[in-house]
Structure formats: structure tokens, C-alpha cells
Amino acid sequence: MSPLKRTLVVLGSFVTVVALAFGGGFLWLWNDAKVSTVGKEQFENELSIPPLAKSRLDKDGTRVFDLRMQAGEKEFEDGRKTSTWGFNGAYLGPTLRAERGDKVRVRIRNGLDEASTVHWHGMHLPAEMDGGPHQMVEPGGKWNPHWTVDQPASTLWYHPHPHGATEKHVQRGLAGMFLVDDKRSARLTLPKKYGVDDLPVIVQDVRFDGAKFDHGHDMMRHVGFLGDRTMVNGTLRPYRKVGDELIRLRLLNASTARTYAFGFPDDRSFSLVGTDGGLLEQPARMRRIQLSPGERAEIVVRMEQGEKTVLRSFPQDNYGGSWQTRFSGGDDSFDVLELRAAKRLRASGDLPRRLGEPEVPDGKNPARGRFFDLKESGINDRAMKMDRIDETVTRGTTETWTVRNNNGVPHNFHVHDVQFRVLEVNGEAPPPELRGAKDTVFVPNGTTMKLAMRFEGPADPDTPYMYHCHLLAHEDGGMMGQFVVVEKGQQAGTPSGAPSRGHGHH
Ligand code: C2O
Ligand code: CU
Ligand code: CU
């Protein structure tokens, strides 16, 4: 062989080796990106039910709760202690419960060594009580938000919202439910014995590295953190014995990035009775319910005597493309919670035909429309800034917000303070699961949604509410904007409460 030829041969094989290694590496990444726990879980731990938070009545009739953010340790697996954060305990928090019309006050104490906040996701309240990034609570500090609950019966939740560190704070365990009841829901023949036939189901995906949480983001995962297993209410491999024919599951996706499509292995249908902001007008029969981070759904499932069934999350096909689907968790599946029915079940009767009256505007004659382009780099190409007000809305008006994702990556969209109606999805009427009151919606690539919402106030030109992608790594990275509610003709002011110490990336 001539020297030139030899060089070419050597070079050629080198290129081939590199190509093979690259291809092999890619194949490995591709295959490794798909996770499933279906059929693999031994459901051996009894599902824990977050306790109902105790409250007391103040002299003026205010219902007062205490929440303390604290560090702790929890044995998710026998004999292995994981460091965690929680409210009033090692992991997650108690379920707060109040009735429409109640005056409530929550005495927050920050027992952590980092500043944080407590946000009331889905709650209609004054901006300064919202618990967003402008209401930081310093280590050792206190915060006593108070408001009057004025919205229909619903499954809401609370979690920290420090700008740049929300993912970390939620992942360590700071989250809990806030249930609202009203006169109408009290009269309905829906399962409503908390922890008996009405179960809170807080779903999170996790990954362990020995006893420790592994919160690392994998390569190619544009959505952020995706775990390789799930837990419910902080219980791994959970089962729950049930003794009633009808079981109501209050599903909350408290994961940081993962979207689930819940259903059952035998494809039985269940009734969707409520969405983020409360009960639907009537139950809707379905076999799957998809929930992106932050969304809730109340479903009622019928059990047979003596049976076992599993709440499962199935693969999803609406992420917009096989690449995104694979690397954003759309091909994954999980056995989430086993339900074990007693040999004899208490009869539950039929579901009521009429449930609630979603209080969301119909979107006719909006005062104005706005447009939000969802991009990882920032909504409408602007990364979040604490001292910039992005939108100014007038108290007492209805607006339509159009949200578009052609960013190639799945996103979702959450608006503080309001519940909205989904008017259109890609120009068409929304499916049944998007026909109730919503505060968070999944907006996969290739989707445009039109939402209608009404801003009731009170006006506060200096204190913004947030709207953002609830994939927490995106939110922390700047996929968030701020709006203020003002009186007619009033100008937006200057956000008070500059960003605080102890937040940000470490
Ligand atoms: Cu659940 Cu702005 O948050
Ligand atoms: Cu929120
Ligand atoms: Cu996003």
C-alpha cells in the first residue's frame, strides 16, 4: 500500500469507529431514556394519607393554620434515611381544608436555612398573599398571609416559589394539598370521607442514589428532571385498602417535569368529576386523564368486591414528535398505586348527574386579548425579571389569553389568582377534561390554546402575580412573567420586595 492509501484506510476506519461509537452511544441513550415500572412493583407499603391540618378559630372568626418549613429525614426504604424537607413533618405537608366564605390565616414559619415562600396554587387571593417570589420568608422568619376563601369546592395545593429555586424546594418535599368545600359540594352524594373513600393522591417521580435523592437532570432531557419511579404521598410502592364501591381519587401531579396519563390496566372507565378549579357540571366518563405538572383531577372509580387494581400511568402520544416524546418521558409508564378492595364493599349509590357550576367566563366580549409564545428562553422572548411588570390587567374585566408552543419541547401554562376556561385547542372545542375550571394546562409542541379568564382583584399595581411554565426547571430558568391587577386607568407600579438572599442556583 502506498503511504497515501494507508493513511486513507486508517482514517476511514477511524471515522467508522467514531460513527459506530456515536451511533451506539445514541442507541444507548435512546433506549435508556424509556422507563417503566409496570408489572415490576411489589406494593408492600400502605399509602400514607397526609393528616388534615388542625386549625383554630380566632376571636374574629378567622380559621388559623400553622405551617412550619423544616428539614428532616424520612425512611422511604426500610433502613435508609433520606434527608428531606417538609411542612410540620419530614416530607410533604398536612392537608389544609376550608370552606367557601371562611376567613383563613396561615402562620408560616421558615425553619430552613434558606429563604423560601409558600404559594397557594389555584387560590383566588390578593397578590400580596399569593406567596410568589416577592413574598420571601427568610430563614427563621415568619409570614402570616390571610384572605377570605371565595371560590367553589376544589382541590388546590401549596408549594414554595422562590425564583430560581422552586424545583429544588418542591423536590425536597415541600408541597401539600388545600381542599376547598362549599355548600353545594357538602350536599352532593360524592365520596367524601377523607382518607376512606376520598383519597389525596400526590404523585411525584423520584430517583434515589443510595439513601439520597438524585435530582440530577439527564442528558437530552429538555423538560428537566425525570425520575425512574413514582411515589404517592411520599410512599414508595403504595397500596391502599378500600371498603367502598366508589372511590374518589384527588390526583395532584406534584412532579417537577413529568406528565402522566392515568388509567387502569383493564381499561375500565372512570368518572372525571373535577378539574383544577372545582367540580365539573356533570361527570365525564373516560379511560385516561392526562396531567402535567401542577394540574389536578378528581376521578371516581368503581371497585369490585375483593379485587385489586392499579392506578397506572400510560405512554402518551401527544408530545409532538417521537424525539420529544422519548426524551420528555412520553414513552414511560408507571404502576403508581394499588387499590385493594375488601371482600364486601359498602354500597355507594350512583353519582349525582349534576355536580358543580364552574365559575369561569364564557369568553364572549373580552376586554382584550393577549398572546404568549412559550419558549424555554422566556415567554414572548423575555426571561423573567423580578422588577419588570409584563402585563397590566384591569380589575373586573375578562380577557382571552392565547398561548402557543412551537418551541419543540413540551411546556405547560399556569396563571396565578384565576381559574380559566379553555375556549379552543388548535381552533377546536376542548376535550371533556379541559371543559372545567383550570389554572394549569399542558401545551405540547404544536399546540395553540385560547383561554378566557376574569380578574376580580383587588387591585394592587405594585405587587405582581405570576404566569409561567410549571415544568419547574423551565420556570426557574426564566419561563415566567408577571402581571398586576389595577383599577381602570391606573398604571402599573414598581414591584416591591426585591429578590432576597438565599435563592438562586447553588
Ligand atoms: Cu404552582 Cu406559580 O405555581
Ligand atoms: Cu400558582
Ligand atoms: Cu416549559
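Residues numbered from 1 in each chain as written. Chains lettered and ligands numbered in written order. Predicted model: local features only at pLDDT ≥ 70, side-chain atom pairs only at ≥ 80, totals over all residues. Heavy atoms only, no water.

## Quick word on the overall build of the protein
Right, on to step 1. Along its length, the protein carries 5 helices and 34 strands.
Right, on to step 2. In summary, the protein has a C-alpha radius of gyration of 24 Å against a globular reference of 23 Å for 506 residues, a match within 12%.
Right, on to step 3. Taken along its principal axes, the extent of the C-alpha atoms in the protein is 95 × 65 × 50 Å.
Right, on to step 4. For the protein, the residues scored as buried account for 57% of the 506 residues in total.
Right, on to step 5. For the protein, long-range pairs separated by at least 24 residues make up 78% of all intrachain contacts whose partners lie at least 6 apart in sequence.
Right, on to step 6. Entry remark: accessible area of the protein is about 20700 Å², with carbon and sulfur atoms responsible for 49%.
Right, on to step 7. With 67 positive and 66 negative side-chain charges, the protein shows a separation of 2 Å between the mean positions of the two kinds. (Helix = DSSP H or I, 4+ residues; strand = E, 2+ residues; numbered from the N terminus. Rg over C-alpha atoms; globule rule 2.2 N^0.38 Å. Buried < 20%, exposed > 50% of the residue type's maximum accessible area, 1.4 Å probe, protein only. Contact = heavy atoms within 4.5 Å. Areas by Shrake-Rupley, 256 points an atom, 1.4 Å probe, with all protein chains shown as cover. Lys, Arg positive; Asp, Glu negative; His and termini not counted. Charge placed at Lys NZ, Arg CZ, Asp CG, Glu CD.)

## Observations concerning the coordination of the copper ion (ligand 3)
Right, on to step 1. Within the protein, the copper ion (ligand 3) binds to His411 (ND1), Cys469 (SG) and His474 (ND1); these donor distances fall in the range 2.0 to 2.1 Å.
Right, on to step 2. Read from N- to C-terminus, the donor residues coordinating the copper ion (ligand 3) fall into the pattern H-x57-C-x4-H. With a gap of 58 residues between them, His411 in strand 29 (residues 411–415) and Cys469 in the loop between strand 33 (465–468) and helix 5 (472–476) connect regions that are remote in the sequence. (Donors = N, O, S within 2.8 Å, 3.2 Å for Na, K, Ca; no water.)

## A word on the domain arrangement of the protein
Right, on to step 1. Domain annotation of the protein identifies domain 1 (45–182), domain 2 (198–346) and domain 3 (368–486).
Right, on to step 2. Placing the centre of domain 2 and that of domain 3 at their C-alpha centroids yields a distance of 24 Å.
Right, on to step 3. The interface is formed by 26 residues belonging to domain 2 together with 23 residues belonging to domain 3.
Right, on to step 4. The junction of domain 2 with domain 3 conceals about 1800 Å² of combined surface from both sides, 57% of it contributed by carbon and sulfur atoms.
Right, on to step 5. Area buried by domain 2 at its contact with domain 3 is led by His222, Val223 and Asp276, which between them contribute 21% of it.
Right, on to step 6. Summed over the shared surface of domain 2 and domain 3, the result is 3 salt bridges.
Right, on to step 7. The salt bridge partner of Glu295 is Lys438, with a shortest N-O separation of 2.6 Å.
Right, on to step 8. In this structure, the connection of domain 2 to domain 3 is made through 15 residue pairs in polar contact (both at pLDDT 80 or more).
Right, on to step 9. Among the elements of the structure, strand 20 (270–275), strand 21 (278–286) and strand 22 (289–291) are those that each provide at least two residues to the side of domain 2 that touches domain 3.
Right, on to step 10. By residue class, the composition of the side of domain 2 that touches domain 3 is 9 nonpolar, 14 polar and 3 charged. (Domains from an automatic or database assignment. Buried area = accessible area lost by both parts, 1.4 Å probe. Salt bridge = Lys/Arg side-chain N within 4 Å of Asp/Glu carboxyl O. Polar contact = N/O pair within 3.5 Å; in protein donor to acceptor, adjacent residues only side chain to side chain. Nonpolar A, V, L, I, M, F, W, Y, C, P; charged D, E, K, R; others polar.)

## Re the pairing of strand 4 (residues 80–87)
Walk down a regular strand and you will see the side chains alternate between the two sheet faces.
Right, on to step 1. Across 7 bridges, the pairing between strand 3 (residues 63–77) and strand 4 is antiparallel. Bridge assignment links Glu77 to a residue of strand 4, and that residue is Arg80. (Pairing = 2+ DSSP bridges.)

## Things to note about the environment of Glu399
Right, on to step 1. Inspection of the secondary structure assignment puts Glu399 in strand 28 (residues 397–405).
Right, on to step 2. In this structure the C-alpha to C-alpha distance between Glu399 and Met303, which are 96 residues apart in sequence, comes to 42 Å.
Right, on to step 3. If we ignore the near neighbours within four places in the chain, the residues touching Glu399 are Pro366, Arg368, Arg370, Val393, Leu451, Ala452, Met453 and Phe455.
Right, on to step 4. Within polar-contact distance, the side chain of Glu399 engages the side chain of Arg370 at 2.5 Å.

## Some details on the coordination of the copper ion (ligand 2)
Right, on to step 1. Those donors, His119 (NE2) and His414 (NE2), are the protein atoms that reach the copper ion (ligand 2), and they lie 1.9 Å from it. Taken as a pair, His119 in strand 7 (residues 119–121) and His414 in strand 29 lie far apart in primary sequence, 295 residues in all.
Right, on to step 2. On the basis of relative accessible area, His119 is assigned to the buried category, the value being 1%.

## Some thoughts on the sheet that holds strand 25 (residues 334–346)
Right, on to step 1. Across the sheet, 6 strands lie side by side as 1-17-25-24-19-22; this open sheet has mixed pairing. The open sheet has two free edges, formed respectively by strand 1 (45–46) and strand 22, since each of these has just one partner strand.
Right, on to step 2. Strand direction decides the pairing type here: strand 19 (residues 260–263) and strand 22, joined by 3 bridges, are antiparallel. Residue Phe262 lies in a different strand from strand 22, and its bridge partner there is Ile289.

## Quick look at the sheet that holds strand 34 (residues 480–486)
Right, on to step 1. Read from one edge to the other, the open sheet built from 5 strands follows the order 27-34-33-29-31, with strand pairing classed as mixed. At either margin of the open sheet sits one strand with a lone partner, and together these are strand 27 (391–394) and strand 31 (440–443). Recorded for the sheet is a direction-independent mean angle of 25 degrees between the axes of neighbouring strands. (Axes fitted to C-alpha atoms, helices over the stretch in contact; angles between N-to-C directions.)

## Description of the pattern of salt bridges
Right, on to step 1. Tallied over the entire structure, the rule returns 48 salt bridges.
Right, on to step 2. Its salt-bridge partner being Arg229, residue Glu77 comes within 3.4 Å of it at the nearest N-O pair. Of this pair, Glu77 sits in strand 3 while Arg229 is found in strand 15 (residues 229–232), placing the two residues 152 residues apart along the sequence.
Right, on to step 3. You can call Arg229 buried: its relative accessible area is 17%.
Right, on to step 4. In this structure, the salt-bridge partner of Asp218 is Arg207, at a minimum N-O distance of 3.2 Å. With Asp218 in the loop between strand 14 (212–213) and strand 15 and Arg207 in the loop between strand 12 (198–206) and strand 13 (208–209), the pair connects residues that are 11 residues apart, well separated along the chain.
Right, on to step 5. The class for Arg207 is buried, based on a relative accessible area of 11%.
Right, on to step 6. If you follow the salt bridges from partner to partner, you end up with Glu44, Glu77, Arg80, Arg229 and Arg237 in one network.

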